[in-house]
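Reading the structure
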Amino acid sequence: REDTEDLVEDLVGFFVQKFSLDVDFSFIGNQRHGNRLQNHWTHKLVGLKNHDIVIAPTIFERRIMPKNTRFIWSVIIDNSASCSGEIIEEEKKAALALVEAAKRLRIPLEILVFGDKDNYTFLKTFDKDLYGNHLAAIVNLDADNGTPDVATLDAACTSISNYALQFNRSCNFVYFMTDGKSGSGSIRSVIRKFRREIVITGIGLAEAADSINITWGSNGIGVKKIKNLSSVLIRKIEYQIEDILD
């Protein structure tokens, strides 16, 4: 988390500015209302009127993520055997950076990883926080599984699609980190199946950086230098939000 702290601040700051969120209300949600109002209240001073201090009315508003546009994120970590070493470590860093940002912004997020054959595992679901053994499962994740990429992507898209039914409107995003080694089935078929309701992004790692667009099209981004994964992914998220809302 220390390695990605600046990137998390960047992404959170982007949302705060984009949606005019009040930083105090967004980040200190567990404090009492009076304490939140008192924190940095001097920045809200407008001036004097009849010798009385005038405070900007917005200080009394609680600004959180707008309800008419709910964001939902799903992250898939490629933990197949070919992603051992630096790749899996940088994938975990990127995933934990999004977990931290999502928690502060109150954005639902889930994380999936590969299992053997056609299996997959939800390391984090939308309705559960990540701590204790569940957090340790990501930190200690090894690249030692098969490549059920199609089944895992379909599971992520199905899950996010079902979860989004509770909202009148939502912007749904799936981020699939992969080294390009594919299992059976067709990634493209899953993308076509859900393309009307989900923005599905493929992040091609290392050697897959040059070929990711063949399968994922304009939603494919290449990361040749693995150490840049977190920063590239966060920049992509910001670009997508700008593109959708503008």
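Here goes a summary of the coordinates provided. (Residues numbered from 1 in each chain as written. Predicted model: local features only at pLDDT ≥ 70, side-chain atom pairs only at ≥ 80, totals over all residues. Heavy atoms only, no water.)

1. Re the overall build of the protein
When its secondary structure is counted, the protein shows nine helices and eight strands. Counting over 246 residues, the protein shows a buried share of 47%. Within the protein, contacts between residues at least 6 apart in sequence are counted, and of these 71% link residues at least 24 apart. (Helix = DSSP H or I, 4+ residues; strand = E, 2+ residues; numbered from the N terminus. Buried < 20%, exposed > 50% of the residue type's maximum accessible area, 1.4 Å probe, protein only. Contact = heavy atoms within 4.5 Å.)

2. Re helix H9 (residues 229-245)
Counted at 1.5 Å a residue, the expected span for H9 with its 17 residues is 24 Å, and the 25 Å between its end C-alpha atoms agrees. Listing the buried residues of H9 in full gives Leu229, Ser230, Leu233, Ile234, Lys236, Ile237, Glu238, Gln240 and Ile241. Packed against the buried residues of H9 are helix H1 (5-18), strand S3 (70-77), helix H4 (86-105), strand S6 (170-178), strand S7 (199-205) and strand S8 (220-223). (Expected span 1.5 Å × (residues − 1).)

3. What about the layout of surface pockets?
In this model, the largest pocket occupies a volume close to 230 Å³. Contributing to the lining of the largest pocket are 15 residues, with Lys103, Lys124, Lys128, Asp129 and Leu130 lying nearest its centre. It is H4 that contributes the most residues to the lining of the largest pocket, four residues altogether. Counted by class, the lining of the largest pocket contains eight nonpolar, no polar and seven charged residues. One number sums up the size of the second largest pocket: a volume of about 170 Å³. For the second largest pocket, the full set of lining residues is Asp149, Phe176, Thr178, Gly180, Ser182, Ile187, Ala208, Ser211, Ile212, Thr215 and Trp216. Counting only elements with at least two residues in the lining of the second largest pocket, the list comes to S6 and helix H8 (212-216). (1 Å grid on protein atoms, 1.4 Å probe; cavity = no way out; pocket = protein on both sides within 12 Å on 5 of 7 lines; lining within 4 Å. Points joined across faces, edges and corners; volume = space filled by probe spheres on them. Nonpolar A, V, L, I, M, F, W, Y, C, P; charged D, E, K, R; others polar.)

4. Some points on the pairing of S3
The buried fraction of S3 amounts to seven of the eight residues, a majority that puts the element mostly inside the structure. As paired elements, S3 and S6 share seven bridges and run parallel to each other. Looking at S6, one finds that phenylalanine 71 is bridged to cysteine 171. Pairing of S3 with strand S4 (residues 109-114) involves five bridges; the strand directions are parallel. If you follow tryptophan 73 over to S4, its bridge partner there is leucine 109. (Pairing = 2+ DSSP bridges.)

5. Focus: the environment of alanine 95
Along the chain, alanine 95 turns up in helix H4. Non-local contacts of alanine 95, meaning those with residues more than four positions away in its chain, are made with Val75, Ile77 and Ile111.

6. Looking at the pairing of strand S5 (residues 120-124)
Relative to S5, S4 runs antiparallel, the two being bridged by four bridges. Residue valine 113 lies in a different strand from S5, and its bridge partner there is threonine 121. Counted between consecutive antiparallel strands, the loop separating S4 from S5 contains five residues, among which lysine 117 sits at a positive phi close to 55 degrees.

7. Examining unusual backbone geometry
One non-glycine residue, arginine 106, adopts positive backbone phi at about 60 degrees. Inspection of the secondary structure puts arginine 106 in the loop between H4 and S4. On the accessibility criterion, arginine 106 (34% relative accessible area) is partly exposed. With a phi angle near 55 degrees, alanine 206 is a residue other than glycine that sits in the positive phi range. By secondary structure assignment, the location of alanine 206 is in the loop between S7 and H8.

8. Some details on the packing of aromatic side chains
Within the structure shown, the criterion is met by 10 aromatic pairs. Between phenylalanine 71 and phenylalanine 173 the ring centres are 6.4 Å apart and the planes differ by 25 degrees, which places this aromatic pair in the stacked class. With phenylalanine 71 in strand S3 and phenylalanine 173 in strand S6, this residue pair connects regions lying 102 residues apart in the sequence. The two residues phenylalanine 71 and phenylalanine 173 agree in class, both being buried. The interplanar angle of 80 degrees and the centroid separation of 6.1 Å between the aromatic rings of tyrosine 120 and phenylalanine 122 together place this pair among those described as edge-to-face. Three or more aromatic residues joined by ring pairs form one cluster here, namely Phe14, Phe15, Phe71, Trp73, Phe173 and Tyr175. (Phe/Tyr/Trp six-rings, centres within 6.5 Å; stacked < 30°, edge-to-face > 60°.)

9. With respect to the environment of leucine 105
Relative to the helices and strands, leucine 105 is located in helix H4. Sequence spacing of leucine 105 and leucine 11 is 94 residues, and the spatial spacing of their C-alpha atoms is 9.7 Å.

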